[in-house]
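The primary structure of each chain is shown beneath.
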Amino acid sequence: MKKNLSKVIVPTLAIAIGAAIAGSISGTVAWYQYSTRVNVAYLGTSAGTSGNLFLRIKGTNPWLTNLSYSAIADYLQGKGIGQKVQPITSGNMGEDDDLPRVGGTGTDKYNPVFYQNPIQEKEYETSPYSRWLKADNSMYVTIPLELAYIEKDNKLSANNIDEEYLAKDVYLSDLLIQEDYSNNGNTDPLKDREDLSSAVRVHIRSYLDTDTSENHATSAINRLISKDGGTILTHGYLPLGDGIHDDSVTLGDDPGAMYDFGKDNETKKVVYGEGLQKSYSNGTAVKDGSYVDKDGLNPTAEKVYPTVVKSVLDANDKKTNVLDEDDFEYDTDSGSVSKKIGTTIAHKDGEDENAGKYLQVELTIWVEGWQKLLVKGSNPAEYKSIWDSDDYIGSKFNVGFQFAVQAE
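Enquirer: Where do I start with the overall build of the protein in this structure?
Expert: Helix and strand counts for the protein stand at 2 helices and 27 strands. Across the 408 residues that make up the protein, the buried fraction comes to 46%. The long-range share in the protein, meaning contacts at least 24 apart out of those at least 6 apart in sequence, stands at 70%. Carbon and sulfur atoms make up 47% of the accessible area of the protein, which totals about 19,900 Å².

So, in structure tokens, the structure goes:
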């Protein structure tokens, strides 16, 4: 028998991100045909009542049921984070992987590593990420949150505190990734933009404050999520030279081979990048997917797995405040997998060793440059990793989170 449960929600980080053009055509820009800059706006959050799931930006006080636009914007501006978002890539990674990290020693060894523009290759037939430019944290958004489930029962502790922190599994009850309404229907059609929301990537990393292992690896949960989910190539051919023809190099023993002098030379297309990127979808159901190799051949079938938990529907098919317990997990070929993204930490504030310890949730959002987007007007439909500036520069999208716990 199911318990009479209600869903406790924090609708967190309703995000609107828009793009603005800056610069001119360049042979060193990987995805957009122009150098780019994206302006970021964060629209705020709200949450419920006294016994509830609370959040705050790490290092701030107090616990909030409303995380405002200005609080998030001030935090990012103060840290210099996400001020010039542009297409970048995490490179090769799976849906449960942590972001690639700097590694080594030093205070920044856990910082994420993203890559921006590759430089047009003229001598070698491969261009691995080791030869790409690295992105800085102005080019993507990262927000550290703390979550806690706090119950008030009108019973004061020895320290005169009416609070008890409970351990509750945290799920996503919604994750919205969509194009902004302003992309279309403008009075000037030249201002209309195509939908690039499928290129948005959301990475959620949670860990327990009580975890003292290296980089909190023992308790860490990682989720890479996109609108469509599934696998894309993070390697392939790119027309960085003229924006039309895939780059190639001429290989041969003659010292003038790179200029196409000499005989018996061999021309090969340049392969930029390395590996694959696989993500969960922002839906609730398992679906079928597939992807092809860099030549558009040899399709590989796959299952695309979801991250969001369904809500129980009422007699009118409207969402209730109850999470569907049958949707906490999904089945894979290797067994059941939980959709849980973390668990809050239990303690009586100020009275035990876990006092001041919370569930840490790091949100990272970027625009994935390897995502293939629709070439406007193509028939049949064609998708490319080089995005037409007239169609996509200035395109806006929205991201909205809703965290939830199941509460009695």
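Structure's up, so let's keep going.
Enquirer: Can you help me understand the side chain of serine 206 in this one?
Expert: Relative to the elements of secondary structure, serine 206 occurs in strand β10 (residues 200-208). There is a polar contact of 2.4 Å between the side chain of serine 206 and the backbone oxygen of isoleucine 341. Apart from the residues lying within four places of it in its own chain, the contact partners of serine 206 are Ser219, Ala220, Ile221, Ile341, Gly342, Leu359, Gln360 and Val361.

Enquirer: Sorry, what's going on with the side chain of asparagine 215 here?
Expert: Mapping asparagine 215 onto the fold places it in the loop between β10 and β11 (221-226). Aside from chain neighbours lying at most four places away, what touches asparagine 215 is Asp98, Tyr110 and Arg205.

Enquirer: Honestly, the pattern of salt bridges in this entry has me stumped. Any pointers?
Expert: Pairs can form between side chains of opposite charge once their charged atoms are near each other. Scanning the model with the defined rule gives 17 salt bridges in all. For glutamate 146, the salt bridge goes to arginine 56, with nearest N and O atoms at 2.9 Å. Of the two residues, glutamate 146 sits in strand β7 (residues 141-151) while arginine 56 sits in strand β4 (residues 52-57), which places them 90 residues apart along the sequence. We note that glutamate 146, like arginine 56, is buried.

Enquirer: In this structure, what is going on with the packing of aromatic side chains? I would like to understand it.
Expert: Ring pairs (aromatic) are described by centroid distance and by the angle formed between their planes. According to the stated counting rule, one finds 11 aromatic pairs in the structure shown. When the centroid spacing of 4.6 Å and the interplanar angle of 45° are considered together, the rings of phenylalanine 114 and tyrosine 140 count as tilted. On the criterion of sequence distance, the pair formed by phenylalanine 114 in the loop between β5 (87-88) and β6 (126-127) and tyrosine 140 in the loop between β6 and β7 is long-range, its members being 26 residues apart. Each member of the pair, phenylalanine 114 as well as tyrosine 140, carries the same accessibility label: buried. Ring centres of tyrosine 305 and tyrosine 330 lie 5.0 Å apart, and the angle between their planes is 20°; this geometry places the pair in the stacked category. Placement of the pair is tyrosine 305 in the loop between β17 (300-304) and β18 (311-313) and tyrosine 330 in strand β20 (residues 329-332), with a sequence separation of 25 residues. Accessibility classification places tyrosine 305 together with tyrosine 330 in one group, the buried group. Ring-pair connections join several aromatic residues into one group, and the members of that group are Tyr115, Tyr129, Trp132 and Trp370. It is arginine 56 that lies over the ring of tryptophan 63; its NZ or CZ is 3.9 Å from the centre. Positioned above the aromatic ring of tyrosine 237 is the side chain of lysine 269, whose terminal nitrogen or guanidinium carbon lies 4.8 Å from the ring centre.

Enquirer: Explain the pairing of strand β15 (residues 271-281) here, please?
Expert: On a regular strand, each side chain points to the face opposite its neighbour's, so the side chains alternate between the two faces of the sheet. With 2 bridges joining them, β6 and β15 adopt parallel strand pairing. In the strand pairing of β15, threonine 126 is matched with valine 271. Looking at chain direction, β11 and β15 are connected through 2 bridges and run parallel. Bridge assignment links serine 226 to a residue of β15, and that residue is serine 281. Bridge analysis of strand β12 (residues 230-236) against β15 gives 6 bridges, and the strand direction is antiparallel. Along β15, the bridge assignment pairs glycine 236 with tyrosine 272.

Enquirer: Explanation requested: unusual backbone geometry in the structure shown.
Expert: Note the cis peptide between asparagine 61 and proline 62, where omega equals -10°. Considering the arrangement of structural elements, one finds proline 62 in the loop between β4 and α1 (69-79). Put simply, asparagine 379 and proline 380 share a cis peptide bond, and its omega is 5°. Inspection of the secondary structure puts proline 380 in the loop between β25 (373-374) and β26 (383-384). The backbone phi angle of histidine 216 is positive, close to 55°, even though this residue is not glycine. When you line up the elements, histidine 216 lands in the loop between β10 and β11. For aspartate 317, which is not glycine, the phi dihedral falls at a positive 60°.

Enquirer: Just to check I follow, could you spell out the nonpolar core for this structure?
Expert: One broad trend across soluble globular proteins is that nonpolar side chains are buried collectively. One finds Leu145, Leu147, Leu172, Val202, Phe401 and Phe403 to be the most contacted residues of the largest nonpolar core, which totals 42 residues. Those elements that place two or more of their residues in this core are β4, α1, β7, β9 (169-179), β10, β24 (359-368) and β27 (397-407). Discounting residues that sit within four places of it in the chain, leucine 147 has contacts with Leu53, Phe54, Leu55, Trp63, Val170, Thr344, Tyr358, Leu359, Val361 and Phe403. Judged by nonpolar contacts, the second largest core, of 12 residues, contains Val113, Tyr115, Ile232 and Tyr272.

Enquirer: Can you walk me through the confidence of the model for the protein in this structure?
Expert: Where the model shows low pLDDT, its predicted coordinates should not be examined in detail. Chain-level statistics for the protein give a pLDDT mean of 80 and a share of 79% at 70 or above. In the model of the protein, strand β2 (residues 15-25) stands out as the element of lowest mean pLDDT, 32, in contrast to β11, which has the highest, 98. Of the regions scoring below 50 in pLDDT, residues 1-50 engages in 192 contacts with residues more than four places distant in sequence or in other chains.

Parameters at a glance
Here the residue numbers are simple positions, counted from 1 along each chain's written sequence. Note on the predicted model: pLDDT of at least 70 is required for a residue's local features to be given, and 80 or more for side-chain atom pairs to be given and counted; whole-chain, interface and lining totals, by contrast, use all residues. With hydrogens and water excluded, all non-hydrogen atoms of the structure serve as input to the side-chain values. Secondary structure elements are defined from DSSP: runs of H or I of at least 4 residues count as helices, runs of E of at least 2 residues count as strands, and each element is numbered from the N terminus. When a residue's accessible area, from a 1.4 Å probe over protein chains only, is under 20% of the maximum for its type it is buried; when over 50% it is exposed; and in between it is partly exposed. Contacts are assigned to residue pairs with any non-hydrogen atoms lying within 4.5 Å of each other. To measure how exposed things are, a 1.4 Å probe is used in the Shrake-Rupley method; for residues, cover is taken only from the protein chains shown. Think of a polar contact as two N or O atoms within 3.5 Å of one another; within protein, one of them needs to be a possible hydrogen donor and the other a possible acceptor, and neighboring residues in sequence only count if both atoms come from side chains. When a carboxyl oxygen of Asp or Glu lies within 4 Å of a side-chain nitrogen of Lys or Arg, that pair is called a salt bridge. A pair of aromatic rings is counted whenever rings of Phe, Tyr or Trp (Trp by its six-membered ring) have centres within 6.5 Å, and the orientation is called stacked for planes under 30 degrees apart, edge-to-face for over 60 and tilted otherwise. By definition here, charges over rings are those cases where NZ of Lys or CZ of Arg is within 6 Å of the ring centre and within 35 degrees of the ring normal. For two strands to be treated as a pair, DSSP must find no fewer than two bridges joining them. Among buried residues, the Ala, Val, Leu, Ile, Met, Phe, Trp, Tyr and Cys ones that are joined through side-chain atoms within 4.5 Å form a nonpolar core. Confidence per residue, as judged by the predictor, is encoded in pLDDT with a range of 0 to 100.

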